[in-house]
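# Residue-level structure breakdown
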Amino acid sequence: MIGGLCQKTFAAPNSSLPEKAVPVTQFRAKPCAGLQGETTVPGDKSISHRALILAALAVGRTNITGILASDDVTHTSAALAAMGVSIGQKPDGMWHVDGVGIGGMREPDQVLDMGNSGTGARLLMGLAAGHTFTTNFTGDASLVQRPMSRVATPLEIMGATVLCRSGDRMPLSVTGPQAPIPIAYDVPVPSAQVKSAVLLAGLCAPGETEVFEAQATRDHTERMLARFGAEITAVPENGGVRITLVGQPELIPTDITVPGDPSSAGFLMVAATVIPNSNVRISGVGMNPLRIGLLDTLMEMGADIRIENPRDEGGEPVADLVVKSANLHGISVPAARAPSMIDEYPILAMAAACATGTTTMAGLAELRVKESDRLAAIGDGLAACGVQSTSAQDSLTIHGAGGPPPGDGTVHSHFDHRIAMGFLVLGLAAKAPVEIDDGEAIATSYPGFAEHFGSLGADIQEVS
Ligand code: S3P
């Protein structure tokens, strides 16, 4: 942190620390006799955020199909609208964005509320750092606890001023410099959000901005920047990747199709694997090599998943998946795989709970600072459902039940969508139902989750 600026306490105008305002909704998942049918999953969350942001920076209209209409993405589109971008939706679901060009945003009148979305917040901080005005950010009760210095630090090196409340947390403000400085930055934690924030600020800087990642993370920003006509290269280096972006391009509008989210597909993949008598086809799932660590891991554990019809859609690999029930065995999941499945450990834990033998997972330090402390939430939830596990600061060991785990527990979701959905899947595979104390957060990434599973034969209901 330059000058320790992010250590200062800062109260953004017109904002107070948000309390969770939404009602609590309990859900119960009952043991399931089998999932059957064909389905798709909602659009990729990461790609949806990026599509809106890059379309906003292009000159002219971009049409986007398949965008994820979830709470997180809605917060990003509302923030862009508050910065002067016109965004609309046609009756057929297609979104259109009238971009204002690089550096063309206007200062928002109000604090930008990013809800639960770490991705929306961190990417837009990068965007804001490229503009000379001040942008204030806040979020919900979970987001205001998450660390922001990882993004503030490189943005300050680029010349922005970032003022956070104590603990480097939101509410915070970003004021861009007159002329952002193009930098070469080694990202200290594997984080696509940090990488993307630097690249978005670099769009406004003259000259070349470089980012080095020791471990490659999802490259949706790079792929999409290239698609919008930016000059960007990614070169392997020492087991990692060096990305170079030429600043101040004119981004050219392009039509975008958002593939199905492999992270959302992960819940179906695990459910159809661990619930006997299942056979599910999931069409149009994103197969970006930096996102499919869960698929590799499940295959290694003995899953029966066929990849069909691989294709390219708008610069991203996509395929259909056919998943059938299988008996899983425990394995050791290497730390090096973590970036390619960082959001999938909650659902992998449920697969491990049903497997025969022990599964160990390493390299999980980042799980402590997600929408909740996911290592703690998984351990507590598994214990409530009769499954043994142990965790250390950055690892997790699960002793599988070798079939349906006991279930019959109530799990705290900690307002974390992936914890909530993971334990509902466990309830479908368990001997007795599992309840979660609050499923409201599911809408941040997978609206209609319960109904969707219901259409394949699952019984997931709100508890009144
Ligand atoms: C995301 C990056 C990951 C991931 C998050 C989405 C993105 O976060 O956990 O859900 O879209 O860039 P980190 O960058 O913190 O690893």
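Each chain has its residues counted from 1, following the order in which its sequence is written. The predicted nature of this model means local features are confined to residues of pLDDT at least 70 and side-chain atom pairs, given and counted, to a pLDDT of 80 or more, with totals for whole chains, interfaces and linings taken over all residues. For side-chain calculations, the full set of non-hydrogen atoms in the structure is used, while hydrogens and water are omitted.

Here four strands make up an open sheet; going across it, the order is β10-β11-β13-β12 and the pairing mixed. Strands with a single pairing partner mark the edges of an open sheet, and in this sheet they are β10 (184-187) and β12 (232-237). Averaged over all neighbouring strand pairs, the angle between strand axes comes to 20°, with direction disregarded. Paired strands, in this sense, are two strands between which DSSP finds at least two bridges. Secondary structure elements follow DSSP: runs of H or I of four or more residues count as helices, runs of E of two or more count as strands, with numbering from the N terminus. As paired elements, strand β11 (residues 208-213) and strand β13 (residues 240-246) share six bridges and run antiparallel to each other. Lines fitted to the C-alpha atoms define the axes, with helices restricted to the stretch that makes contact. Angles between their N-to-C directions range from 0 to 180 degrees.

Turning next to the domain arrangement of the protein chain. When the domains of the protein chain are assigned, the result is domain 1 (26-41 + 259-463) and domain 2 (45-249). In this assembly, 26 residues from domain 1 lie in contact with 24 residues from domain 2. Buried area counts how much accessible surface, traced with a 1.4 Å probe, disappears from two parts once they are put together, with both parts' losses summed. Contact between domain 1 and domain 2 buries roughly 2,100 Å² in total, counting both sides, with carbon and sulfur atoms accounting for 48%. The largest share of the area that domain 1 buries against domain 2 comes from Leu 290, Pro 339 and Thr 444, three residues that together contribute 24% of it. Here, a salt bridge means any Lys or Arg side-chain nitrogen found within 4 Å of an Asp or Glu carboxyl oxygen. Viewed at the interface, domain 2 and domain 1 are joined by three salt bridges. For Arg 146, the salt bridge goes to Glu 371, with nearest N and O atoms at 3.9 Å. Domain extents, as shown, originate in an automatic or database domain assignment. The contact rule is simple, with two residues in contact once any of their heavy atoms fall within 4.5 Å.

Looking now at the site of the ligand. To be near a molecule or strand, a residue needs just one of its heavy atoms within 4 Å of it. Around the ligand sit Ser 46, Arg 50, Thr 119, Arg 122, Pro 190, Ser 191, Ala 192, Gln 193, Arg 218, Ile 342, Asp 343 and Lys 370, and that is every residue in its neighbourhood. One nitrogen or oxygen atom from the side chain of Arg 50 is found 2.6 Å from an oxygen atom belonging to the ligand. Take Lys 370: an N or O atom from its side chain is 2.7 Å from an oxygen atom of the ligand. Exposure was quantified through the Shrake-Rupley algorithm and a 1.4 Å probe, taking into account, for residues, occlusion by the shown protein chains and nothing else. Burial of the ligand by the surrounding chains reaches 96%, relative to a free accessible area of 380 Å². Contributing elements (two or more residues each) for the shell around the ligand: α1 (45-57), α3 (118-129) and α5 (192-202). Taken together, the residues of the shell around the ligand break down into three nonpolar, four polar and five charged. For the shell around the ligand, the domains that each give at least three residues are domain 1 (26-41 + 259-463) and domain 2 (45-249). Identification of polar contacts relies on pairs of N or O atoms within 3.5 Å, with a donor-acceptor requirement for protein atoms, meaning one able to donate a hydrogen and the other able to accept it, and with residues adjacent in sequence counted only if both atoms are side-chain atoms. Lys, Arg, Asp and Glu make up the charged group, whereas Ala, Val, Leu, Ile, Met, Phe, Trp, Tyr, Cys and Pro make up the nonpolar group; the residues left over, Gly among them, are polar.

Let us look at the nonpolar core. Throughout this description, the term nonpolar core refers to a set of buried Ala, Val, Leu, Ile, Met, Phe, Trp, Tyr and Cys residues connected via side-chain atoms within 4.5 Å. Only protein chains enter the accessibility calculation, which uses a 1.4 Å probe; a residue whose area is less than 20% of its type maximum is buried, one above 50% is exposed, and one in between is partly exposed. By size, the foremost hydrophobic cluster in this structure holds 75 residues, and its most contacted members are Met 269, Leu 298, Leu 348, Met 361, Phe 423, Phe 449 and Phe 453. With residues near it in sequence (within four places) discarded, Leu 298 still touches Met 269, Val 270, Ala 303, Ile 305, Leu 328, Leu 348 and Ala 351.

A separate point is the side chain of Thr 39. Relative to the assigned elements, Thr 39 resides in strand β2 (residues 36-40). Within the local environment of Thr 39, its side chain forms a polar contact with the side chain of His 452, the two groups lying 2.4 Å apart.

Values of pLDDT, the confidence the predictor places in each residue, fall between 0 and 100. Summary statistics for the protein chain give a mean pLDDT of 94 and a share of 95% for residues scoring 70 or more. The least confident element of the protein chain, judged by mean pLDDT, is strand β4 (residues 86-89) at 96; the most confident is helix α9 (residues 345-354) at 99. Counting contacts from residues 1-20, a segment whose pLDDT is below 50, to residues more than four positions away or on other chains yields 49 contacts.

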